[in-house]
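Spelled out from the first residue to the last, the chains are:
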Amino acid sequence: MATPRHLLVDPVNECDYHLVSRCVRRAFLCGVDDYDGRDYSHRRAWLVERLRRIAPCFAVDVYAYTVLSNHFHLVLRHDPLAGRGWSDEEVARRWVEAFPPTERGKVVEALKPERRELILDNADRVARARVTLGSMSHFMKHLKQPIARRANLEDDRTGHFFEQRFYSGALLTEEALIAAMAYVDLNPVRAELAGRIEDIRDTSIRERLQVNSAEALADYLRPVVAGLDGWSAAEDPPPRAVVPIEARVDGETVTFDLDAVASGGPSEGDREEAEQEGPCHAGTETPDAESPVASSGPEPGPEEADTARPCRRPRPHLTLAEYVDLVRAMAEADTGRSADRPGGLSRWLARTTVLRKRQRAFGDGPALRRWLADRAMQFRETPLPA
């Protein structure tokens, strides 16, 4: 029996997830169909376009994505309480951007202000929109439904296009997040759709390879599509900690070391500091009876949201340049073009192997035990290699 979704997705704490959704019967409905020989690869661009439209409007940050012939992967960060901090105007704006007014299939920009006002005049509609935009399940529903309708119209068919239930695995540690991103970005190479990461299409690593400014390469990994707290890529807050490539940051010289990151991410001191800031970095915890989230009283308004929300998870302690180098090295090792595995590369390859097990959660042993204990589940997960 499948695990209930409410146990797989944390209802309180911000958390990272690996999501997978397949076409019905694993048919190549987004690739070359072996049965009739038709090429449906153009549908991959539909999904990427849809993702880039609605993800900035929902309470998610997308860190990686890949669209293959019969399924797609996402790695995203979801904050179930982010919507509490949005004003009614922000909710209306997000809703209209996600579901804009159209005429004959084309978006009508001139009608957006009127549509926003109609939403703001109806408190119940604002409340429903806030719940929908804050839900990861609703995000997946509204991501996939238009693709299914468009494909069925193209094929003159009815019925399901995607399997009804999408897979979700919680990523409890930074190593789990980076391993999941690498696993997703490497999927086309492992499926032999591309020999190098530079040849990959319809995946987030392609976007990251197009960023070549020194500042962007030396900065910590940002999401490719950001929706949490109304942040855009240019407005993302600075990283909480510094990881030991050499670059000028705020007038000072900072040295970055791929080997140090590949050997386990931030230092122990960085981890201790992050854990002191709150429980969300190391995993998920159940709120106590006196916390604003656990109380049975009314939900706090936007002005009270900061006191009700747990701490934010820090961005990955890995620069864009380091991540691209890591994925490129992993691709070369997977394809046999390189037998050299420096700087902990074998550990990252082993971690992506665990990701293939499709578990309920991924992380080290302590983080997994906390996560499972909070849900009264038996420990049957495989911890990521240290």
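Since the structure is predicted, the reported quantities are computational estimates derived from the model, not experimental observations.

**Let's talk about the side chain of D202**
Here D202 shows up in the loop between α7 (174-190) and α8 (204-209). Ignoring anything within four residues of it in the chain, the contact list for D202 reads R44, A45, V48, Y65, T66 and V67.

**Some thoughts on the sheet that holds strand β1 (residues 15-22)**
Taken together, six strands build an open sheet; the order of strands is β7-β2-β3-β1-β6-β10 and the sheet is mixed. If you trace the sheet from one side to the other, it starts and ends with β7 (225-226) and β10 (361-362), each paired once. As defined by bridge partners, strand β2 (residues 60-67) adjoins strand β3 (residues 71-78) across seven bridges and the pair is classed as antiparallel. By the bridge assignment for β3, V67 is matched with F72. Most of the contacts of helix α6 (residues 136-155) go to β3, to which it runs at about 145°, and overall it touches β1, β2 and β3.

**Focus: the pattern of salt bridges**
Counted under the stated rule, the structure contains 22 salt bridges. When the shortest N-O distance is used, the salt bridge between R312 and E14 registers 3.0 Å. E14 matches R312 in its accessibility class, with the two residues each being buried.

**Details of the confidence of the model for the chain**
Looking at the chain, the pLDDT average stands at 80 and 77% of residues meet or exceed 70. Residue range residues 231-307 is modelled with pLDDT below 50. Its contacts to residues more than four positions away, or to other chains, number 129 contacts.

**Some remarks on unusual backbone geometry**
In this structure, R104 takes a positive phi of about 55° despite not being glycine. Here R104 shows up in the loop between β4 (102-103) and β5 (106-107). Phi at E192 takes a positive value of approximately 60°, unusual for a residue other than glycine. Counting through the fold element by element, E192 comes out in the loop between α7 and α8. Taking relative accessible area as the criterion, E192 reaches 73% and is therefore assigned exposed.

Calculation criteria
Residues numbered from 1 in each chain as written. Predicted model: local features only at pLDDT ≥ 70, side-chain atom pairs only at ≥ 80, totals over all residues. Heavy atoms only, no water. Helix = DSSP H or I, 4+ residues; strand = E, 2+ residues; numbered from the N terminus. Contact = heavy atoms within 4.5 Å. Pairing = 2+ DSSP bridges. Axes fitted to C-alpha atoms, helices over the stretch in contact; angles between N-to-C directions. Salt bridge = Lys/Arg side-chain N within 4 Å of Asp/Glu carboxyl O. Buried < 20%, exposed > 50% of the residue type's maximum accessible area, 1.4 Å probe, protein only. pLDDT = per-residue confidence, 0-100.

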